[in-house]
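# Coordinates in review
The primary structure of each chain is shown beneath.
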Amino acid sequence: MMNVKASQVYIFMGFWTSLANAMMFTTYAIYEVIALGLNPLQLLLVGMVLEAAVLLFEGITGVVADYYSRRRSVIMGMFVLGVGFALAGSAIWLGDKGLAMSSFAWLLLSQMVSGIGYTFISGADTAWIVDEVGEKNAGKLFLRARRIGLFGTLLGIAISVFLSSQGANLPYLAGGLMYLLLGVYLLFYMKETKFVRPERRSGAFSHWKSMKETWLSGSRVIRRHPLLLMMLIVTVFSGAASEGYDRLWQAHMITEIGFPADIPFSAAIWVGLIAVLSTLLSLPVMWIAEKRIDMSRERIVFKGMLILTLVRITAIMVLALSSGFAWALAAVLLYDMVRMLSAPFYDTWLNLNIESKSRATVLSMMSQSDALGQTAGGPFVGWIGSRFSLRASLVAAAVLLTPILAVYSRMQRKE
């Protein structure tokens with residue numbers, strides 16, 4: 001019965017965060033590109049600051065989750081994220097009032113706060129639910145939670161378009177409030193029954209030594225497992241590519257592709273319609289995957305990751321080389337469907353290969369490698385966009401994904 005309740009909390013958390021994220025990020029380009037007037041390099045610098053904070057704090061917060069409590073880490077992260085997103089929405093006001101910094105500087109500060117919040121949640125939420133429901137049941141739950149989260153995404157898209165039409169920064173303010181409310185909800189309903197705390201030592205020195213040992217145990221797991229070590233490489237390149245795509249695809253559609261002139265919709269409405277189409281197409285795909293794919297079989301999950309990566313590369317290249325709106329739209333929709341399906345496969349494969357006692361720490365290390373890729377690769381992709389064109393940036397993002405195919409092929413031979 002406790003496992004059922006944990007599953008319900010996890011699914012609700014996924015629904016609520018999907019709703020909040022869709023509210024904020026569906027029309028974020030309207031806020032950052034049009035309202036704040038950021039150029040491609042500045043857009044990537046925003047992402048770089050976020051990922052740099054993740055890179056610096058991920059290892060620390062992952063150890064906190066494994067040493068203290070996964071529940072405590074997740075709840076703390078929700079509150080910090082709420083503050084970070086609210087600060088992002090307030091950046092345009094704070095800059096206009098001349099409070100010490102420009103709007104862009106306030107936005108960068110908000111990304112730093114949000115990055116710290118992400119580190120408390122990443123790894124901890126997955127480690128918590130896998131312990132509660134068991135490794136064999138986690139894959140199906142990941143797919144179900146992602147599918148139900150799509151309904152939250154649909155609702156969030158509609159709210160985002162409406163709020164953006166009232167004020168470009170309002171989606172961020174509303175999203176920050178929702179994360180704060182989720183933190184309050186989890187305080188009452190999120191239970192932790194299967195987590196086994198490591199033995200604590202008395203004294204401050206012994207306390208830090210125990211935390212250090214927790215981190216070292218996680219690093220030993222990765223060193224002993226060649227496939228996990230290779231997955232670190234995968235996440236570095238994947239992070240670099242995804243940062244370039246996520247930050248620039250909307251700017252590419254707005255400034256270089258353009259929307260159909262014979263349909264008098266604003267940019268916010270077009271972005272919202274694309275997000276709705278993407279979500280509606282992803283729903284049946286996620287439902288079929290949940291019903292037909294055996295997520296407890298590691299080989300099937302691994303082959304799925306390989307195929308989905310190849311499709312991601314194809315979609316980004318089509319978007320970069322498209323000369324018209326129709327092809328660009330098809331590429332964006334394909335990419336979004338594949339990315340939606342990729343996350344449960346990735347999470348399932350990792351958790352099938354990580355032991356419980358260091359799960360949050362190892363997952364945090366994986367997030368660190370992703371952050372490293374985004375921090376190092378994002379500005380490079382953004383510089384290409386500023387120096388040449390947004391199309392060239394997207395081509396670079398696709399190229400950054402290609403080494404993953406070679407790593408996956410090597411991992412398959414090792415298996």
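Here the structure is a predicted model, which means the values were calculated and not measured.

## Topic: the overall build of the chain
- Regarding its fold elements, the chain presents 15 helices and zero strands.
- For the chain, with 415 residues in total, the buried portion stands at 56%.
- Restricting to contacts in the chain with at least 6 residues of sequence separation, those with at least 24 account for 87%.
- Approximately 17300 Å² of the chain is accessible, and the part contributed by carbon and sulfur atoms is 67%.

## Overview of a nonpolar patch on the surface
- A surface patch of nonpolar side chains, about 420 Å² in accessible area, is lined by Leu41, Phe380, Trp383 and Phe388.
- Among the structural elements, Phe388 can be located in the loop between helix H14 (359–387) and helix H15 (390–414).
- You can call Phe388 exposed: its relative accessible area is 54%.

## Notes on the packing of aromatic side chains
- Under the definition given, this model contains 13 aromatic pairs.
- Taking the centre distance of 6.1 Å and the plane angle of 55° together, the rings of Tyr10 and Phe142 count as tilted. Within this pair, whereas Tyr10 is found in helix H1 (residues 2–25), its partner Phe142 is found in helix H7 (residues 135–166), the two being separated by 132 residues in sequence.
- Among the aromatic side chains, those forming a connected cluster through ring pairs are Phe25, Tyr31, Phe85, Tyr118, Tyr172 and Tyr179.

## Focus on helix H12 (residues 298–321)
- Under the 1.5 Å per step criterion, the end-to-end length of H12 is 35 Å for 24 residues, consistent within 8% with the ideal 34 Å.
- All buried positions along H12 are accounted for by Val301, Phe302, Gly304, Met305, Leu308, Thr309, Arg312, Ile313, Ala315, Ile316, Leu319 and Ala320.

## Points about the nonpolar core
- Judged by nonpolar contacts, the single largest core of 112 residues is most densely connected at Ile129, Leu186, Met231, Met253, Leu319, Trp349 and Met411.
- Looking at this core, the element that brings in the most residues is helix H10 (residues 226–257), giving 14 residues.
- The residues touching Met231, leaving out its near neighbours within four places in the chain, are Met305, Tyr346, Trp349, Leu350, Met366, Tyr408 and Met411.

## A short note on the side chain of Gln111
- The topology assignment puts Gln111 in helix H5 (residues 103–121).
- Looking at Gln111, its side chain comes within polar contact range of the side chain of Ser110, at 3.4 Å.
- In this structure Gln111 touches Val46, Val49, Leu50, Ala88 and Arg247, once residues within four positions along its chain are discounted.

## Points about the packing of helix H4 (residues 70–96) against helix H6 (residues 124–133)
- Here H4 crosses H6 at 140°, and the two axes come no closer than 9 Å. Between H4 and H6, the angle is such that the two are oblique. Remark: the crossing between H4 and H6 carries left-handed chirality. Contact residues: Arg70, Ser73 and Val74 in H4; Ala124, Asp125, Ala127, Trp128 and Asp131 in H6.
- For the contact of H4 with H6, the residue count by class is four nonpolar, one polar and three charged.

## Some remarks on the packing of helix H2 (residues 28–35) against H10
- In the contact formed by H2 and H10, the axes pass within 10 Å of each other and the chain directions differ by 70°. As far as their axial angle goes, H10 and H2 are roughly perpendicular. The chirality of how H2 crosses H10 is right-handed. Residues Tyr28, Ala29, Glu32 and Val33 of H2 lie in contact with H10, whose contacting residues are Asp246, Arg247, Leu248, Gln250, Ala251 and Ile254.

## As for H4
- Between its first and last C-alpha, H4 extends 40 Å over 27 residues, near the 39 Å set by a 1.5 Å rise per residue.
- Considering bend angle alone, the principal kink of H4 is centred on Ser90 and spans about 50°.
- Backbone nitrogen of Arg71 and a side-chain oxygen of the N-cap are separated by 3.2 Å at the start of H4; the cap is Ser69.

## Some thoughts on the confidence of the model for the chain
- Per-residue pLDDT for the chain averages 82, and the proportion of residues at 70 or more is 87%.
- Element-level mean pLDDT values for the chain span from 56 in helix H9 (residues 204–224) up to 95 in helix H8 (residues 170–189).
- Here residues 202–207 is a poorly scored stretch, pLDDT under 50, and it has four contacts once near neighbours within four places are set aside; other chains count.

## Thoughts on the side chain of Ser164
- In this fold, Ser164 is placed in helix H7.
- Residues contacting Ser164, with those up to four places away along its chain left out, are Thr27, Ile30, Pro171 and Ala268.

## Observations concerning the environment of Gly183
- Looking at the secondary structure, you find Gly183 in helix H8.
- On the accessibility criterion, Gly183 (0% relative accessible area) is buried.
- Taking C-alpha positions, Gly183 is 9.6 Å from Leu81, a pair spaced 102 residues apart along the chain.
- Not counting residues within four places of it along the chain, the set of residues in contact with Gly183 comprises Ile75, Met78 and Phe79.

Thresholds, definitions, all that
- The numbers attached to residues start from 1 for each chain and follow its sequence in the written order.
- Predicted model: local features are reported for residues with pLDDT of at least 70 only, side-chain atom pairs are reported and counted for 80 or more only, and whole-chain, interface and lining totals are derived from all residues.
- Side-chain calculation: all heavy atoms of the structure are included, whereas hydrogens and water are not.
- For helices the rule is a DSSP run of H or I covering at least 4 residues; for strands it is a run of E covering at least 2, with both sets numbered from the N terminus onward.
- Whether a residue is buried, partly exposed or exposed follows from its accessible area with a 1.4 Å probe, protein chains only, as a fraction of its type maximum: under 20%, in between, or over 50%, in that order.
- Any two residues whose heavy atoms approach within 4.5 Å are treated as being in contact.
- Areas reported as accessible are Shrake-Rupley estimates using a 1.4 Å probe. Residue values count occlusion only from the protein chains shown.
- Patches in this entry comprise residues that are over 30% relatively accessible and not in a salt bridge; like charges within 9 Å are linked, as are nonpolar side chains (Val, Leu, Ile, Met, Phe, Trp, Tyr) within 5 Å.
- We count a salt bridge whenever a side-chain nitrogen from Lys or Arg sits within 4 Å of a carboxyl oxygen from Asp or Glu.
- Each Phe, Tyr or Trp ring (for Trp, its six-membered ring) is paired with any other whose centre lies within 6.5 Å, and the angle between the two planes then decides the class: stacked below 30 degrees, edge-to-face above 60, tilted in between.
- A helix's residues, less one, multiplied by 1.5 Å, set its expected span.
- Buried Ala, Val, Leu, Ile, Met, Phe, Trp, Tyr and Cys residues form a nonpolar core when they are joined through side-chain atoms within 4.5 Å.
- Think of a polar contact as two N or O atoms within 3.5 Å of one another; within protein, one of them needs to be a possible hydrogen donor and the other a possible acceptor, and neighboring residues in sequence only count if both atoms come from side chains.
- Each axis is a line fitted through C-alpha atoms, and for a helix only the stretch in contact is used; angles between axes span 0 to 180 degrees, taken between their N-to-C directions.
- An angle below 35 degrees is treated as roughly parallel, one above 145 as roughly antiparallel, one from 65 to 115 as roughly perpendicular, and anything else as oblique.
- In a left-handed crossing the near helix is turned counterclockwise from the far helix by less than a right angle, and in a right-handed crossing that turn is clockwise.
- As a working rule, the residues Ala, Val, Leu, Ile, Met, Phe, Trp, Tyr, Cys and Pro are called nonpolar, Asp, Glu, Lys and Arg charged, and the rest polar, with Gly in that last group.
- The bend reported for a residue corresponds to the angle between axes fitted to the seven residues ending at that residue and the seven starting there.
- Values of pLDDT, which run from 0 to 100, indicate the predictor's confidence residue by residue.

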